[in-house]
Amino acid sequence: MTQAPTHQSGVSSRFTYIVLGVLIFGLVLTILNVYELRRLQSDHFTNDFIRAHEYDEPKLSIPPKNQPVFTIVAARPDSGYLDHVLNLFQRSGYIRGSLKTRWDVLWSHEYPFADGGDLEKRLRNLAVHQKVNHFPGTGYVTNKNSLAVTKIHGIPKAFRLPHQADDFKKYAAKFPKKMWVQKSNTHRGIKIKSMKELDFTAESTFIQEYIDRPFLVDGRKFDIGVYTVLTSINPLRVYTMDAEVLLRFCPKDYHPFDASDIDKYVVGDDYTPTWQIPSLKHYYADLNFTHRESLNTYIRKLGKNDTQVWLDIKDTIRNVYLEKEPYLISSAAKYKSSRNFFEMVRFDFVLDENLNVYLMEANMSPNLSSLHFKPNRLLYEQVLHNLFSLVGIVRPLQRDIFRSSPDEAEMQVSDKDIHVFSDICSSPDCSDNCNLEKCQVCNTCLTSEQRQTLKYAYLEHLTRRNMGRVFPPVMSTEWAAKWTPANDRFYRRLRNYNKLIYRWFVGKCKQAHHWC
C-alpha cells in the first residue's frame, strides 16, 4: 500500500517534466519567432507606402570602398518612369545598392518622412556625406491646399473648405462674374462649377479663383513648368533651371469656351507638346530652340515683354519659400542636420492675356519620364544633370568634402575664398566687435557653422551650371556697388539667419561680377 502512491508520484513527476519541457520549448520557439518577425520588420519598412514599394538589393553585396552608391525607394522602380534618374546616377559613376548596405544618395519618389516609420527613423541620424532628395516638411510647399491659401502675390485667391465657406460666399458676392474651381489635394477632377454645384461640406478641398482670360498660343491654353531646387533652409538657398522649362498645352482650343469640356482649360497627362503647336514648332523643331526660348520668341514677336514674365515667376517662387521656410525649419528640427537634404519640385504657372503670372501648384517628385513624349528625353536629362551638379552628387572631389582630409577640403574652398567686404572688415569698428550687423559677415566673426554654410554656398555657385539663383536674389554690379541695408527694403524684412547669406552674396558681387 505504500508503493502505489510512490508509483503515481513518479508518473506525475515525469508528466510534469514533459509538460514543462514542452512549455519551455514553445516559449523558446515563440521568442525566436518574435525575434525573426522583428528582424524582418526592420528589414521591411513599416511606412504604408513603402510596404507596397520595391527596393532592390545592391548589385554588389559589398560595394567597393571608394565607389559611390545610390539607392531608390519607389513603386516599380524598374518599370521605366525612373529610367533617366537611374541612367544619370550610373553615368555619374554610382552603383545601385539598397538601404540594407551603405549608401551615399537616397532617391525617394515618395515622401520618406512619415512619422514613426522605419525609414524616417533611419533618416534622423545620417552621416555627413549622405544626401536625400526631399526635405522634411516639403508638404507645406507641395500640398495643393496649403499652397493655394498662401497669401502672396501671384497665387489666385482661394478658400479652404468647409472652414472658410462663409468667407468665400461673402467674397464671391462682391465678384459675381468670377469663375471658380473646387480642388482637392490629389488635384483630380478639376472643373469650373457654378455656385449651386460647389460642395461646401467637402473636407480637405478648397475653392480657387479661375484665371478666365488666359494667354493663348494658337488658341490653346498652357502652363509653364519651372524646375526649382531647394538646397538649404537655414539659411535659405533656392535655384531654378533657367535654361529650360516644360510647356504643356491643352488638347483642345480654348474658344468657343465650354466649362463642361475640361480639355479646353485643364492641362492633363495627355497634353499637347510644344512641337505640335504650329507657332512654336518652327522654333523648337526646325531651329532647335528650347521650350523656353521658343515661347520667348513668340512673345517678343507679339511686341510683348518676355523678360518680365520670368522675373515675376522667380519673385513668386522666392516669396513662397520665404513664407514656408519657418515650417520647413521646424519640420527638420528632429533630424541631425538639414544639410543632408535637397529637393527639386516643379512649379506650374499660367499666364493671363496681359502676361500676369499665376502659380497653380508645386509638384513633389515631378514626372521625369519621356516614355510618353520621347523628345522630352533631353529636357529631363539636362534637368537632372544640372541638379546633380548643383547639389554635389557629381561634383569632382566634393562628395565627401567635410569627411575628407582638411587639406583636400581647403583646396576646394578655404576661409580666404569666403572673405567679403575688405574695407569694412579691416576697419577699427570690426576689429574687436562682432555685435555690429555689418561686421557679422567678416571672417573673424563667423561661427564654424556659418563658415561651413558659406562654403556650401560658394561650391553651389561654382557648380550651378544652368541653375539660376532665386534666393538670395541675383543683383546687378551697379546695384551692389551702391547697396546698403538702409536702401534695401527687401533685406530689412528678412529673418536674421537669411540676412547674413544675403549680405555675403552682395559682398561677393562687389568682388566679381559673376557672383551678381
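Remember, it's a predicted structure, so these values are computed and weren't measured experimentally.

Here's the deal with the packing of aromatic side chains
Remark: the centre distance and the inter-plane angle together describe each pair of aromatic rings, the angle taken between the planes.
1) Next: If you walk through the whole model with that rule in mind, you get 39 aromatic pairs.
2) Next: Considering the side-chain rings of W483 and Y491, the 5.3 Å spacing of their centres and the 90 degrees angle between planes classify their relative orientation as edge-to-face. Grouping residues by exposure puts W483 and Y491 together as buried.
3) Next: Among the aromatic residues, those joined into a cluster by ring pairs are F159, F168, Y171, F175, W180 and F200.
4) Next: A cation over a ring is seen here: K169 above F200, with NZ or CZ 4.6 Å from the ring centre.

Digging into the sheet that holds strand β4 (residues 131–132)
1) Next: Pairing in this open sheet of 4 strands is parallel, and the strands run β2-β1-β3-β4 from one edge to the other. Of all strands in the sheet, those bounded by a partner on one side alone are β2 (95–96) and β4.
2) Next: In terms of strand pairing, strand β1 (residues 69–73) meets β2 through 2 bridges, oriented parallel. Bridging from a neighbouring strand, V69 pairs with I95 of β2.

Considering the pairing of strand β12 (residues 343–351)
1) Next: Extensive coverage of β12 is indicated by the burial of 9 of its 9 residues.
2) Next: Judged by which residues are buried, β12 turns out to be covered on both faces: E343, V345, F347, F349 and L351 on one side and M344, R346, D348 and V350 on the other are all buried.
3) Next: One ladder, built from 7 bridges, connects strand β9 (residues 222–233) with β12; its direction is antiparallel. Within β12, the position partnered with V226 by the bridge is F347.
4) Next: Looking at chain direction, β12 and strand β13 (residues 357–364) are connected through 7 bridges and run antiparallel. Pairing of V350 across the sheet is with Y358, part of β13.

Remarks on helix α17 (residues 496–511)
1) Next: Its 16 residues place the ends of α17 23 Å apart at the C-alpha level, agreeing with the 22 Å of an ideal helix rising 1.5 Å per residue.
2) Next: Here α17 lies mainly inside the structure; 12 of its 16 residues are buried.
3) Next: What α17 keeps buried is the set N498, K499, L500, I501, Y502, R503, W504, F505, V506, G507, K508 and C509.
4) Next: Residues of α17 that are buried make contact with β10 (236–241), α10 (306–331), α14 (448–462), β14 (467–471), α15 (477–481) and α16 (489–492).

Observations concerning the state of the cysteines
1) Next: What the rule picks out here adds up to 4 disulfides.
2) Next: Two residues share a disulfide in this structure: C430 and C439, whose sulfurs sit 1.9 Å from each other. The chirality of the disulfide connecting C430 with C439 is left-handed, given an S-S dihedral of about -75 degrees. Each member of the pair C430 and C439 is classed as buried.
3) Next: Note on cysteine connectivity: C434 is disulfide-linked to C445, with sulfurs 2.0 Å apart.

Quick word on the environment of L126
1) Next: When you line up the elements, L126 lands in the loop between α4 (118–122) and β4.
2) Next: A relative accessible area of 4% places L126 in the buried class.
3) Next: Separated by 211 residues in sequence, L126 and S337 have C-alpha atoms that sit 7.9 Å apart.
4) Next: Once you skip the residues sitting within four places of it in the chain, L126 turns out to touch W103, V132, K336, N340 and F341.

Section: the nonpolar core
1) Next: Of all hydrophobic cores here, the largest spans 85 residues; its most connected members are L123, V217, I224, I317, Y321, F347 and W504.
2) Next: Counting residues per element, this core draws most heavily on α10, at 8 residues.
3) Next: With residues near it in sequence (within four places) discarded, I224 still touches V245, L246, L247, L295, W310, F347, D348, F349 and L351.
4) Next: The next biggest cluster of nonpolar side chains, apart from the first, holds 35 residues, and it includes I72, V85, Y94 and Y239.

A word on the confidence of the model for the protein
1) Next: Per-residue pLDDT for the protein has a mean of 88; in total, 85% of the residues score no lower than 70.
2) Next: The low-confidence segment residues 1–9, where pLDDT is below 50, has 0 contacts with residues more than four positions distant or belonging to other chains.
3) Next: Here residues 28–60 is modelled with pLDDT under 50, and outside its nearest four sequence neighbours on either side it reaches 51 contacts, counting other chains as well.

Thoughts on the sheet that holds strand β8 (residues 205–209)
1) Next: Read from one edge to the other, the open sheet built from 4 strands follows the order β5-β8-β6-β7, with strand pairing classed as antiparallel. On the outer flanks of this sheet lie β5 (158–161) and β7 (192–193), each paired with one strand and no other.
2) Next: Relative to β7, strand β6 (residues 180–184) is paired through 2 bridges, and the arrangement is antiparallel. In the strand pairing of β7, W180 is matched with K193.

Some remarks on the side chain of N498
1) Next: Mapped onto the secondary structure, N498 falls in helix α17.
2) Next: Since its relative accessible area comes to 0%, N498 is described here as buried.
3) Next: When sequence neighbours within four positions are dropped, the list of residues in contact with N498 reads P235, L236, L322, E325 and F471.

Looking at the pattern of salt bridges
1) Next: Under the criterion given, the structure shown has 26 salt bridges.
2) Next: When the shortest N-O distance is used, the salt bridge between R300 and D306 registers 3.1 Å.
3) Next: Owing to a relative accessible area of 40%, R300 belongs among the partly exposed residues under this scheme.
4) Next: One salt bridge in this structure joins R346 and D348, with 2.8 Å as the shortest N-O distance.
5) Next: You can call R346 buried: its relative accessible area is 5%.
6) Next: A single salt-bridge network, built from bridges that share partners, covers D223, R248, R346 and D348.

Conventions and cut-offs
- Residues numbered from 1 in each chain as written.
- Predicted model: local features only at pLDDT ≥ 70, side-chain atom pairs only at ≥ 80, totals over all residues.
- Heavy atoms only, no water.
- Phe/Tyr/Trp six-rings, centres within 6.5 Å; stacked < 30°, edge-to-face > 60°.
- Buried < 20%, exposed > 50% of the residue type's maximum accessible area, 1.4 Å probe, protein only.
- Lys NZ or Arg CZ within 6 Å of the ring centre and 35° of its normal.
- Pairing = 2+ DSSP bridges.
- Helix = DSSP H or I, 4+ residues; strand = E, 2+ residues; numbered from the N terminus.
- Expected span 1.5 Å × (residues − 1).
- Contact = heavy atoms within 4.5 Å.
- Disulfide = S-S within 2.5 Å.
- Core = buried A, V, L, I, M, F, W, Y, C linked by side-chain atoms within 4.5 Å.
- pLDDT = per-residue confidence, 0-100.
- Salt bridge = Lys/Arg side-chain N within 4 Å of Asp/Glu carboxyl O.

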